[in-house]
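Secondary and tertiary structure notes
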Amino acid sequence: MDAANRQLDELISRDYQHGFYTELESDTVPLGLNEDIIRLISAKKHEPEFMLEWRLQAYRHWLTLSEPHWAHIHYQPIDYQDIAYYSAPKSGKDGPQSLAEVDPELLRTYEKLGIPLKEQEMLAGVAVDAVFDSVSVATTFKDKLADLGIIFCPFSEAVQKYPDLVRTYLGTVVPFTDNFYACLNSAVFSDGSFCYIPPGVRCPMELSTYFRINAKNTGQFERTLIIADKDAYVSYLEGCTAPMRDEHQLHAAVVELIALEDAQIKYSTVQNWYPGDKEGRGGIYNFVTKRGDCRGARSHISWTQVETGSAITWKYPSVILRGDESFGEFYSVALTNHHQQADTGTKMIHVGRNTRSTVISKGISAGLGQNAYRGLIKVLASADGARNYTQCDSLLLGHRCGAHTFPYIEVKNPDAQVEHEASTSRIGEDQLFYCTQRGISPEDAVSMIVSGFCKAVFKELPMEFAVEAQKLLGVSLEGGTG
Amino acid sequence: MLSIRNLHASRDGKEILRGIDLDIQAGEVHAIMGPNGSGKSTLAQVIAGQPGYQITEGEVAYLGQDLMELSPEERAREGIFLGFQYPVEIPGVSIAMFLKTSLNAIRRQQGLPEVDAMEFLSLVREKMKLMQMNEAFLTRAVNEGFSGGEKKRNEVLQLAMLEPRLAILDETDSGLDIDALEVVANGINGLRSAGRAIVLVTHYQRLLNYIKPDVVHVLAQGRILKSGGPELALELEQRGYGWVEQESKAVAA
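Rules used throughout
Residues numbered from 1 in each chain as written. Chains lettered and ligands numbered in written order. Predicted model: local features only at pLDDT ≥ 70, side-chain atom pairs only at ≥ 80, totals over all residues. Heavy atoms only, no water. Helix = DSSP H or I, 4+ residues; strand = E, 2+ residues; numbered from the N terminus. Rg over C-alpha atoms; globule rule 2.2 N^0.38 Å. Buried < 20%, exposed > 50% of the residue type's maximum accessible area, 1.4 Å probe, protein only. UniProt positions renumbered as here; feature names shortened; annotations may be inferred. Disulfide = S-S within 2.5 Å. Phe/Tyr/Trp six-rings, centres within 6.5 Å; stacked < 30°, edge-to-face > 60°. Lys NZ or Arg CZ within 6 Å of the ring centre and 35° of its normal. Contact = heavy atoms within 4.5 Å. Buried area = accessible area lost by both parts, 1.4 Å probe. Salt bridge = Lys/Arg side-chain N within 4 Å of Asp/Glu carboxyl O. Polar contact = N/O pair within 3.5 Å; in protein donor to acceptor, adjacent residues only side chain to side chain. Axes fitted to C-alpha atoms, helices over the stretch in contact; angles between N-to-C directions. Parallel < 35°, antiparallel > 145°, perpendicular 65-115°, else oblique. Left-handed = near helix turned anticlockwise from the far one by under 90°. Nonpolar A, V, L, I, M, F, W, Y, C, P; charged D, E, K, R; others polar. pLDDT = per-residue confidence, 0-100. Pairing = 2+ DSSP bridges.

The name given to chain B in an unreviewed UniProt entry is Fe-S cluster assembly ATP-binding protein, with Novimethylophilus kurashikiensis as the source organism.

An unreviewed UniProt entry lists chain A under the name Fe-S cluster assembly protein SufB, with Novimethylophilus kurashikiensis given as the organism.

The structure is reproduced here in structure tokens:
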């Protein structure tokens, strides 16, 4: 191996930065899954009958399904009976009403992650629905949002306070029959965020949730539902980091977005779950179903994701372009280092007339990382004038990683225009030397080259998030200097 | 400033430099000329620390330090600048971002405060004017889609910004039309100073009409066969390199 490659190898073989573990008392149900566990979860959350029924239906359907194995990923079989399906941090009987009531240990955890809630409340104007393990423990800016008629609350709260909204929309984009993991989530989901923007309202702030897995050996099953009513607009940020731990953890979230006529939803994710150590031990298994439904004419949904964490990422944020002239976008940066595996991409389903979609995917592989882009562009016969543009680029660092592209295109309408561009490149010795010859350290050089590669995606992120994403990318690659 | 003794270097087992001796003092301008494949670029790259070469013999001292002990970025921060013959593209990274990162890395080493965005802009604007470059240039990705001439101007812009102690310019004149050559040469001439040494690696005498060297070396077959004053360059222009090689063989015999 030559000097430049050795250097790259050293850079990318450092340790996870957010590796710490918070000791909190957890209220955890016994391991395993059966109808009693589901009843217990539902009871703990004081859910109405319809919710329990839905969970049970999902569970019974799940029993008929088997784990899918078509993705380009490899892992030890998951024992679904060896997982605790509910865990809530203990902090008083009915949950805290303000930050003062929040477990100080928990607040310190957030501070370590650089997300002091207080500061965010005051400075950033971001309303945070903070999810620690499964139950939301702090919600801010509610009053301001309430004045506009915006509902932004933990999912469990929405189930109780707005059962009609939940009932109307839950499972209408991702039905529990959709796939194995989404079905499991439907049966056991613990909490998540709920958001409703009324007609004509433009949400004045970025809505944000920070997820964090903590309690040992607990699956994380988030459920998020966002509805933008006619002519409404919302930008939603989801970001997460996770502490160091040994065991594989299953994470199977479901996110459903619904945009009615002329509405726009922008959903941005920075995902930094624990990726496992250098030898590939531990790390999160992240099997996520994210889908948006452009239900109304001229509606617009865009997904932007920066995926740097997890041992396994299985995730295809998609858009169903049902409304005429609706528009779907997917911007993705996925980074795999050490033994990480990612199989990610999108599905754009063109149903309505003159629907458009744009897909920009940037995959970065380092170490022994395996990175696959899997994308489906489907144009139904009804979708006259549909257009898609897909660009999918891979960047390799070193010689032992892999990049794979699986584009699927199904066009049933002769009027459609579908474009696909792909490239694969390697950070060259010559690029690195050009930078170091200008006094730039190899760490900074790699970080800069990778940022440049991802620029088309980063510019889609909200400003604050873009800075964080860039930093994260640096940390994930170098594990150190950032 | 730079002292090279009996330097041998090879790449993939093939010896390219076969015993270079060279002394360069502060304030001097040296021209290194020679036919294709003679080792000119290799010499420039070895001084700058490009990976991939094996130094099999000899030593290089720079400001009293063993240069070969330093990493490429350490050499750069100690004031060694290489103007690339083939500048490298870095997609998505703006010239401004690249140059500011570079400038601050070097300033940190020198114990100077880092420049902020405003200071950087005023400094780079001044240098760009000198190089007759449009400001829009700053937002373009490093060397991406640049013409040959733009790439070379960009190298000299970096040179002007970083103000190194030892500048080695590898065929900075190639690919330039007469007007661009004059701009580039003026830029380089503006940087001549008592504390700085400049090494011009070139095929042609053309550049030397604009930048008058103090010493001219002829490099062929991995050795410096002849050194002289500026008149040597003119002689090479008229007679080619063959006679130098003949002469040196005769001496060796």
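Considerations on the overall build of chain B
Helix and strand counts for chain B come out as 8 helices and 12 strands. Scaling as 2.2 N^0.38, a compact globule of 253 residues should have a C-alpha radius of gyration of about 18 Å, and chain B matches this with 18 Å. With respect to the three principal axes, the spread of C-alpha positions in chain B is 60 × 40 × 35 Å. Every one of the 253 residues in chain B was classed for burial, and the buried ones make up 54%.

What about the UniProt feature "domain: SUF system FeS cluster assembly SufBD N-terminal" (unreviewed entry) in chain A?
In the numbering used here, UniProt assigns the "domain: SUF system FeS cluster assembly SufBD N-terminal" (unreviewed entry) feature to residues 145-202 of chain A. With 45% helix and 16% strand, residues 145-202 of chain A has end C-alpha atoms that lie 11 Å from one another.

Brief notes about the state of the cysteines
By definition, a disulfide is the covalent link that joins the sulfur atoms of two cysteine residues. Residues and elements named next belong to chain A. Counting across every chain of the model gives 0 disulfides over all chains. Not part of a disulfide, C392 finds its nearest cysteine sulfur in C454, a span of 13 Å. Not part of a disulfide, C435 finds its nearest cysteine sulfur in C454, a span of 15 Å.

Comments concerning the packing of aromatic side chains
Residues and elements named next belong to chain A. Counting across every chain of the model gives 25 aromatic pairs over all chains. Considering the side-chain rings of W70 and W314, the 5.6 Å spacing of their centres and the 40° angle between planes classify their relative orientation as tilted. In this pair, W70 is assigned in the loop between α3 (49-62) and β2 (87-89) and W314 in strand β15 (residues 312-315), connecting sequence segments 244 residues apart. Note on Y267 and W303: the rings are 5.0 Å apart at their centroids and 55° apart in plane angle, and the pair reads as tilted. Placement of Y267 in strand β12 (residues 264-272) and of W303 in strand β14 (residues 300-307) is noted, with a sequence separation of 36 residues between them. We classify Y267 as buried; its relative accessible area is 0%. Aromatic rings pair up to connect Y59, W62, W70, Y75, Y80, F180, Y181, Y285, F287, W314 and Y316 into one cluster. One residue, R55, lies across the ring of F189, its end atom 4.1 Å from the ring centre.

Quick word on the UniProt feature "domain: ABC transporter" (unreviewed entry) in chain B
UniProt annotation of "domain: ABC transporter" (unreviewed entry) refers to residues 2-246 of chain B when read in the numbering used here. The span residues 2-246 of chain B carries 35% helix and 29% strand; its end-to-end C-alpha distance comes to 29 Å.

As for the interface of chain B and chain A
With 32 residues of chain B in contact, the opposing surface of chain A contributes 19 residues. When chain B packs against chain A, the two sides together hide about 2100 Å² of surface, and 65% of this comes from carbon and sulfur. Remark: the boundary between chain B and chain A carries 2 salt bridges. A salt bridge links E429 of chain A to R11 of chain B, with the nearest nitrogen and oxygen atoms 4.0 Å apart. Counting across the chain B and chain A interface gives 11 residue pairs in polar contact (both at pLDDT 80 or more).

As for the packing of helix α5 (residues 148-162) of chain B against helix α6 (residues 178-189) of chain B
Axis angle and axis distance: for two packed helices, these are the angle between their axes and the distance between the axes, and together they describe the pair. Residues and elements named next belong to chain B. Their axes nearest at 10 Å, the elements α5 and α6 cross at an angle of 15°. Here α5 is positioned roughly parallel relative to α6, judged by the angle of their axes. Handedness of the α5/α6 crossing: left-handed. Contact residues: α5 offers R153, V156 and L159, while α6 offers A180, V184 and I188. Residues belonging to the contact of α5 with α6 are distributed by class as follows: 5 nonpolar, no polar and 1 charged.

Here's the deal with the confidence of the model for chain A
All names here are of chain A. Averaged over every residue, the pLDDT of chain A is 81; the share at 70 or more is 77%. Within chain A, the element-level pLDDT minimum falls on helix α5 (residues 117-124), averaging 39, and the maximum on strand β16 (residues 318-321), averaging 98. Low pLDDT (under 50) marks residues 90-96, which in the prediction has 12 contacts with non-local residues, meaning those over four places away or in another chain. Note that residues 242-246 has pLDDT below 50 and, in this model, 29 contacts with residues that lie over four places away or in other chains.

Observations concerning the sheet that holds strand β3 (residues 29-33) of chain B
Residue and element names in this part refer to chain B. Strand order across the open sheet formed by 6 strands is β6-β9-β10-β3-β11-β12, with mixed pairing between neighbours. Since the sheet does not close on itself, it has two edges, and those belong to β6 (80-83) and β12 (223-228), each with one partner. Averaged over all pairs of adjacent strands, the angle between strand axes in this sheet comes to 20°, irrespective of strand direction. For β3 and strand β10 (residues 197-202), the ladder comprises 5 bridges, and the chain directions are parallel. Its bridge partner lying in β10, I32 is registered against V201.

Digging into the environment of A228 of chain A
Residues and elements named next belong to chain A. One can find A228 in strand β8 (residues 223-228). Residues A228 and F194, 34 residues apart in the sequence, show an inter-C-alpha distance of 11 Å. Dropping the residues within four chain positions of it, A228 is found in contact with I197, I258, A259, L260, A263, Q264 and I265.

Quick notes on the pattern of salt bridges
Think of it this way: side chains of opposite charge can pair up when their charged atoms draw near. Residues and elements named next belong to chain A. Counted by the stated rule, this structure contains 27 salt bridges over all chains. Put simply, D293 and R295 hold a salt bridge, and the shortest N to O gap is 2.8 Å. Given the relative accessible area of 27%, R295 is considered partly exposed. Through salt bridges that share partners, E35, R39 and R60 make up one connected network.

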